[in-house]
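Architecture at a glance
For reference, the chains in residue letters:
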Amino acid sequence: MLFFSYFKDLVGREVTVELKNDLALRGTLHSVDQYLNIKLENTRVVDQDKYPHMLSVRNCFIRGSVVRYVQLPPDGVDVELLHDATRREARGG
Amino acid sequence: MSWAGPEDIYLSTSLANYLDKKLLALLRDGRKLFGTLRSFDQFANAVLEGACERIIVGDLYCDIPLGLYIIRGENVVLIGELAQKAEEVASDLKGTMKKRMDFLDMD
């Protein structure tokens, strides 16, 4: 639940999602759900030449299970807030 | 995909917005399937109508028509909404106009 809440706060920010198949997608975080499935808008592929089939994809749904990394803007993380939330989860969870 | 609460209506990660749209489904084995999304569930299982597999080699591609497909969600990497080309928009418009004219029964 912690990361679901965390990603909900990041909706509207630009993120880069790196998938387990090495595909990296940059876009605006539109939504996230409890499985950490991600919907991106304004999707661009980081290495466009390698993935020509993605050319006309503007919005996409990414299954949470295939995400390796979600790269965030450096000011996207309030580390203190995350620390506190993690301690609370560890205590209560 | 969780059930949308009242505040989640605008923040939905469900595939509902993609229904009846032409999509690209990327699979874990690298296959690219194109088709119209007719159904989905919480596991991201999907039903694609008029599906075809697009094989791309360098600058060349070819489509293998597959018909009606059910994709098991665990194989889905990504489901992408294809930007509608101008011709598709025009043909959709012609379709709706024809439907309205058929109703008028002008013959």
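The residue numbers shown here count from 1 along each chain, following its written sequence. By the order in which they are written, chains take letters starting at A while ligands take numbers starting at 1. pLDDT decides what is reported in this predicted model: residues at 70 or higher carry local features, side-chain atom pairs at 80 or more are listed and counted, and totals for whole chains, interfaces and linings draw on all residues regardless. As a rule here, side-chain values come from all non-hydrogen atoms in the structure, and water together with hydrogens is ignored.

All right, on to the overall build of chain B then. Helices and strands together make up the secondary structure of chain B, namely one helix and five strands. In this text, helices come from DSSP runs of H or I with a minimum length of four residues, and strands from runs of E with a minimum of two, each type numbered from the N-terminal end. Listing the helices and strands of chain B from first to last along the sequence gives β-β-β-β-β-α. For chain B, restricting intrachain contacts to residue pairs at least 6 apart in sequence, the fraction spanning at least 24 positions comes to 35%. Accessible surface for chain B amounts to roughly 7,200 Å². Of this, 58% is attributable to carbon and sulfur atoms. The contact definition used throughout considers only heavy atoms, calling two residues in contact when any of these lie within 4.5 Å. Residue-level accessible areas treat just the shown protein chains as cover; the underlying method is Shrake-Rupley with a 1.4 Å probe.

Within chain A, the regular secondary structure consists of two helices and five strands. Walking chain A from its N terminus toward its C terminus, one meets helices and strands in the order α-β-β-β-β-β-α. Its C-alpha atoms put chain A at 45 × 25 × 20 Å along the principal axes. The buried label applies to any residue whose accessible area, calculated with a 1.4 Å probe on protein chains only, is under 20% of its type's maximum; exposed applies above 50%, and partly exposed to all values in between. Within the span of chain A, comprising 93 residues, buried residues form 42% of the whole. For chain A, contacts bridging at least 24 residues in sequence account for 45% of all contacts bridging at least 6. A total accessible area of about 5,300 Å² is found for chain A, and carbon and sulfur atoms account for 51% of it. We treat Lys and Arg as the positive residues and Asp and Glu as the negative residues; His and chain ends play no part in the count. Charge coordinates come from a single atom per side chain, which is NZ of Lys, CZ of Arg, CG of Asp or CD of Glu. Across chain A, 13 positive and 13 negative side-chain charges occur, with their mean positions spaced 4 Å apart.

Let's shift gears to the environment of B:Arg38. Residues and elements named next belong to chain B. Among the secondary structure elements, Arg38 is positioned in strand β2 (residues 32-40). Its relative accessible area of 41% is what places Arg38 among the partly exposed residues. Sequence separation of Arg38 and Tyr69 is 31 residues, and the distance between their C-alpha atoms is 9.9 Å. Apart from residues lying up to four places away in sequence, Arg38 is in contact with Leu19, Asp20, Val47 and Glu49. Pairs of N or O atoms within 3.5 Å make up the polar contacts considered here, provided that, within protein, one atom can donate a hydrogen while the other can accept it, and that residues adjacent in sequence are counted only when both atoms are side-chain atoms. Engagement of the side chain of Arg38 in a polar contact is seen with the side chain of Asp20, the distance being 2.5 Å.

Here we come to the UniProt feature "domain: Sm" (unreviewed entry) in chain A. UniProt positions are given in the numbering used here, feature names are shortened, and annotations may be inferred rather than shown by experiment. Within the UniProt annotation, "domain: Sm" (unreviewed entry) is assigned to residues 2-76 of chain A. Along residues 2-76 of chain A one finds 11% helix and 45% strand; the C-alpha atoms at either end are 16 Å apart.

Moving on, we come to the nonpolar core. Soluble, globular proteins show a tendency: their nonpolar side chains are buried together. Core analysis: the largest hydrophobic core is formed by 28 residues, its most contacted members being A:Leu19, A:Leu25, A:Met54, A:Ile62 and B:Leu78. Among the secondary structure elements, those contributing two or more residues to this core are α1 (2-9), β1 (14-19), β2 (24-32), β3 (38-45) and β4 (57-62) of chain A together with β1 (22-27) and β5 (76-82) of chain B. If sequence neighbours within four positions are ignored, A:Leu19 has contacts with A:Leu25, A:Ile62, A:Val66, A:Val67, A:Arg68, B:Val77 and B:Leu78. Put simply, buried Ala, Val, Leu, Ile, Met, Phe, Trp, Tyr and Cys residues joined by side-chain atoms within 4.5 Å make one nonpolar core.

For the rest of this paragraph, the subject is the interface of chain B and chain A. On the side of chain A, 27 residues touch chain B, which itself brings 27 residues to the contact. Interface area, chain B with chain A, both sides summed: about 2,200 Å², of which 61% is carbon and sulfur. When a carboxyl oxygen of Asp or Glu lies within 4 Å of a side-chain nitrogen of Lys or Arg, that pair is called a salt bridge. There are zero salt bridges connecting chain B and chain A. The tally of links between chain B and chain A comes to 11 residue pairs in polar contact (both at pLDDT 80 or more). Among the elements of the structure, β1 and β5 of chain B are those that each provide at least two residues to the side of chain B that touches chain A. Take the side of chain B that touches chain A: its biggest share by element is seven residues, from β5(B). When its residues are assigned to classes, the side of chain B that touches chain A shows 16 nonpolar, eight polar and three charged. Here β4(A) pairs with β5(B) via five bridges, running antiparallel. Bridging from a neighbouring strand, A:Asn59 pairs with B:Glu81 of β5(B). Simply put, the buried area is the total loss of 1.4 Å probe accessible area from both parts when two parts are fitted together. Just so you know the grouping, Ala, Val, Leu, Ile, Met, Phe, Trp, Tyr, Cys and Pro go in nonpolar, Asp, Glu, Lys and Arg go in charged, and all remaining residues, Gly too, go in polar. Pairing between strands is defined by DSSP: at least two bridges between them are needed.

On to the pattern of salt bridges. Residues and elements named next belong to chain B. As enumerated under the stated definition, the model contains 12 salt bridges over all chains in all. A salt bridge links Arg54 to Asp63; the nearest nitrogen and oxygen atoms lie 2.8 Å apart. Relative accessible area serves as the criterion here: at 34%, Asp63 is assigned to the partly exposed category.

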